[in-house]
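Residue strings, one per chain:
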Amino acid sequence: MSNEKKQLQLYLHLPFCQRKCNYCDFLSAPADESTKSNYILALQQEIRQKSAAYEAYSVPSIFIGGGTPSVYEGAVIARLLDVVADAFFLERDAEITIECNPGTLNQKKAAHYRQAGINRISLGLQSTQDCALRLLGRIHTFADFLRSYDAARKAGFDNLNVDLMSGLPGQQLIDWQDTLKKTVALRPEHISAYSLMIEEGTPFYERYASDEQRRAAGEEPLFLPSEDIEQQMYRYTGAYLAAHGYHRYEISNYAKPGYACFHNVGYWKRRNYLGLGLGSASLIENERFHNTAILTDYLKGRFEKEDSQKLSSKEQMEEFLFLGLRMTDGISIKEFYDQFRFPIDAFYAPVITALCRQGLLSREAGRLSLTEAGISLSNYVLAQFLLPDEA
Ligand code: SF4
């Protein structure tokens, strides 16, 4: 660390997209140019207003997410980062990521982002098959992605993430293998590989929620891949990426050595982070809160904390485990003791013993971590660490 200050990660939310994807329930929507400009002004105001409370902190990472931050021109993002750098104590080697949608990132924009100090780009590809991209409602083709990827490399970005999504309607194992193969051939430093979630309130929910229920009931789904195919995709992902030099460091995240995303690791390790922008969430010194999710209120300057919740020790312990165990190197038993002044077994001995016996958890060299089998049943395993209310 470059100084004596405590660290505070920053997340900046830019909630606008060219078009809403069919599966997306994020806080994002299309907007006209004047709304987009007014939003940036409001965000700058929030940054200046809130920074005074964080003079004791330095900023090791900034994540500009969305939405599609790359709907904004390079100069707008550069100005936004200037405002952040004026308002906060930015560490010299800070990791600064921007999420970009292929089709909105060109050479000029990428070069501008690089000059502005951004050193990591995350590109949402999802699939290399154009028919799958159309089904998802994405605005881009695979060829568009290749152009954006190339633009980022030519602008000097040497830390690129590609987001991929498996479990798509109609997807076969061979389609997913093709997506992985073509992505790996480009040699990105980082790959995030998530499974499609069917979220309420989306067009996909209307179309596929009943199919998901069939699958959960053990029946053969009509459109979505079966449980069995999903498991095959999952296992193939780990093996294929490992064979090509990508280390899985979190359930869905893979990186070449030295390229794990510092910012995202911070979420799983429960570092302090401040969310700026519409609806963004924060965790500061064990207080969770978020901003208003109502755009008109945000544009009027309503930046107060909403639903502020000071976490109890029990909640902190639960988070420590179910977030920390998402990381493949798991959690340190000593660190648990240092934070909570209780041996982990005082609360969790029966759960740990049972999960170790089932082969889902491993206890080795002072650490607890999910096994391969535990990773594929991670929702079940992590839920076991929720303590009863009287604990
Ligand atoms: S581009 Fe991303 S944030 Fe925007 S609608 Fe699609 S999935 Fe959602």
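Given the structure is predicted, the values throughout are model-derived calculations rather than measurements. Counting starts from 1 at the beginning of each chain's written sequence and moves along it residue by residue. Totals for whole chains, interfaces and linings use all residues, but because this is a predicted model, local features are given only for residues with pLDDT of at least 70 and pairs of side-chain atoms are given and counted only at 80 or more.

Undergrad: I would appreciate a short explanation of the overall build of the protein chain in the present structure.
TA: Note on conventions: DSSP H or I runs of at least 4 residues are helices, E runs of at least 2 residues are strands, and numbering of each starts at the N terminus. Within the protein chain one finds 15 helices and 16 strands. Two things to know: the radius of gyration comes from C-alpha atoms, and the globule rule equals 2.2 Å times the number of residues to the power 0.38. Whereas a compact globule of 391 residues would reach a radius of gyration of roughly 21 Å, the protein chain reaches 21 Å, a difference of no more than 12%. Principal axes of the C-alpha set define a box for the protein chain whose edges measure 55 × 50 × 40 Å. Counting other C-beta atoms within 10 Å of its own, a residue is labelled buried from 20 upward, exposed at 12 or fewer, and partly exposed in the gap between, with every C-beta atom placed from the backbone. A total of 391 residues make up the protein chain; the buried ones form 37% of that total. Think of it this way: build a C-beta for each residue from its backbone, and any pair within 7 Å is a contact. Counting only contacts in the protein chain whose residues sit at least 6 apart along the sequence, the fraction spanning at least 24 positions is 68%.

Undergrad: Explanation requested: the site of the ligand in the structure shown.
TA: Around the ligand sit Cys17, Lys20, Cys21, Cys24, Phe26, Ser28, Gly66, Gly67, Thr68, Asn101 and Gly124, and those are all the residues in its vicinity. A class-by-class count of the residues in the shell around the ligand yields four nonpolar, six polar and one charged. Being near a molecule or strand means, for a residue, that its backbone-placed C-beta atom lies within 6 Å of it. Only Asp, Glu, Lys and Arg are considered charged in this grouping, and only Ala, Val, Leu, Ile, Met, Phe, Trp, Tyr, Cys and Pro are considered nonpolar; every other residue, Gly among them, is considered polar.

Undergrad: For this particular structure, what's the right way to read the sheet that holds strand β15 (residues 361–364)?
TA: Paired through backbone hydrogen bonds, the strands of a sheet run either parallel or antiparallel to each other. Taken together, three strands build an open sheet; the order of strands is β14-β16-β15 and the sheet is antiparallel. What marks the edges here is a single partner per strand, and that holds for β14 (331–332) and β15. The criterion for strand pairing is that DSSP finds at least two bridges linking the strands in question. Sheet analysis places β14 next to strand β16 (residues 367–370), joined by two bridges and oriented antiparallel. Residue pairing across strands places Ile331 opposite Leu368, the latter belonging to β16. Of the strands in this sheet, β15 and β16 touch helix α13 (residues 344–357), which is tilted by about 110 degrees from β15. Helix axes are fitted to C-alpha atoms over the stretch in contact, other axes to C-alpha atoms as well, and angles between N-to-C directions run from 0 to 180 degrees.

Undergrad: Just checking my understanding: could you explain the environment of Thr353 for this structure?
TA: Its location among the elements puts Thr353 in helix α13. Taking C-alpha positions, Thr353 is 35 Å from Phe289, a pair spaced 64 residues apart along the chain.

Undergrad: I keep staring at unusual backbone geometry and nothing clicks. Help me out?
TA: Glycine aside, negative phi is the norm for most residues, and most peptide bonds take the trans geometry. The peptide bond linking Gly66 to Gly67 adopts the cis configuration, its omega dihedral lying at 20 degrees. The residue Arg187 is not glycine, and still its phi comes out positive at about 60 degrees. As for its position among the elements, Arg187 is in the loop between α6 (173–184) and β7 (190–195). Even without being glycine, Asn286 reaches a positive phi, approximately 65 degrees. With respect to the element layout, Asn286 can be found in the loop between β11 (281–284) and β12 (287–290). A count of 15 C-beta atoms within 10 Å places Asn286 in the partly exposed class.

Undergrad: I would appreciate a short explanation of helix α3 (residues 107–115) in the present structure.
TA: One turn of an α-helix holds 3.6 residues; hence residues three or four places apart share an orientation. Looking at α3, one finds that the buried residues are Lys109, Ala110 and Tyr113. Projected down its long axis, α3 carries its buried residues within an arc of 100 degrees, all on one side. More than 90 degrees from the buried face of α3, the exposed residues found are Lys108 and Gln115. Looking one or two places after α3, you find Gly117, whose phi comes out positive at around 105 degrees. Read the arc as the range of directions from the helix axis to the C-beta atoms.

Undergrad: Quick question: what am I supposed to make of the domain arrangement of the protein chain here?
TA: It is common to give the size of an interface as the accessible area that goes away when the parts come together. A domain assignment, automatic or from a database, supplies the domain bounds used here. Considered domain by domain, the protein chain is made up of domain 1 (6–268) and domain 2 (313–391). Contacts between the two partners involve seven residues from domain 1, matched on the other side by eight residues from domain 2. Listing elements by their share of the side of domain 1 that touches domain 2, those giving two or more residues are α8 (227–243) and β8 (247–250). Residue composition of the side of domain 1 that touches domain 2, grouped by class: four nonpolar, one polar and two charged.

Undergrad: Teacher, can you tell me more about α13 here?
TA: One fitted axis covers the seven residues ending at a residue, a second covers the seven starting there, and the bend at that residue is the angle between these axes. The axis of α13 is deflected most strongly, by about 45 degrees, at Pro350. Of the residues making up α13, those classed as buried are Ile344, Tyr348 and Leu355.

Undergrad: Even after reading the chapter, I still don't get the packing of α6 against α8, so can you show me in this structure?
TA: A pair of packed helices is captured by two measures, namely the crossing angle of their axes and the spacing between those axes. Running from N to C, α6 and α8 cross one another at 25 degrees; their axes reach a closest spacing of 10 Å. With respect to α8, the element α6 is oriented roughly parallel. For α6 against α8, the interelement crossing comes out right-handed. Note on element contacts: α8 touches α6 through Ile229, Gln232, Met233, Tyr236, Thr237 and Tyr240, opposite Leu173, Trp176, Gln177 and Leu180. Taken together, the residues of the contact of α6 with α8 sort by class into seven nonpolar, three polar and no charged. Orientation categories follow fixed angle ranges, with anything under 35 degrees roughly parallel, anything over 145 roughly antiparallel, 65 to 115 roughly perpendicular, and all other angles oblique. Note: crossing handedness is left-handed where the near helix turns anticlockwise from the far helix by less than a right angle, and right-handed where it turns clockwise.

Undergrad: I keep staring at the pairing of strand β4 (residues 89–100) and nothing clicks. Help me out?
TA: Put simply, side chains in a regular strand alternate between the two faces of the sheet. Of the pairings in the sheet, the one linking strand β3 (residues 57–66) to β4 comprises six bridges and is parallel in character. Bridge assignment links Phe63 to a residue of β4, and that residue is Thr97. Crossovers are marked right-handed if the path from the first strand over the helix to the second runs clockwise, as seen with the strands pointing away from the viewer. For the crossover from β3 across helix α2 (residues 74–87) to β4, the handedness is right-handed. The sheet contact formed by β4 and strand β5 (residues 120–126) spans four bridges and is parallel. Residue Glu99 lies in a different strand from β5, and its bridge partner there is Ser122.

Undergrad: What is the right way to read the packing of α2 against α3 from this model?
TA: In contact at an axis separation of 8 Å, α2 and α3 are set at 15 degrees when each is read in the N-to-C sense. The orientation of α2 with respect to α3, classified from their angle, is roughly parallel. Relative to α3, the crossing made by α2 is right-handed. Each of Gly74, Ala75, Ile77 and Ala78 in α2 lies in contact with α3, whose residues at this interface are Lys108, Lys109, His112, Tyr113 and Gln115.

Undergrad: I keep staring at the pairing of β11 and nothing clicks. Help me out?
TA: Note that β11 and β12 share four bridges and pair antiparallel. What sits directly across from Leu283, in β12, is Arg288. Where β11 hands over to β12, the hairpin turn is made up of two residues, of which Glu285 adopts a positive phi near 45 degrees.

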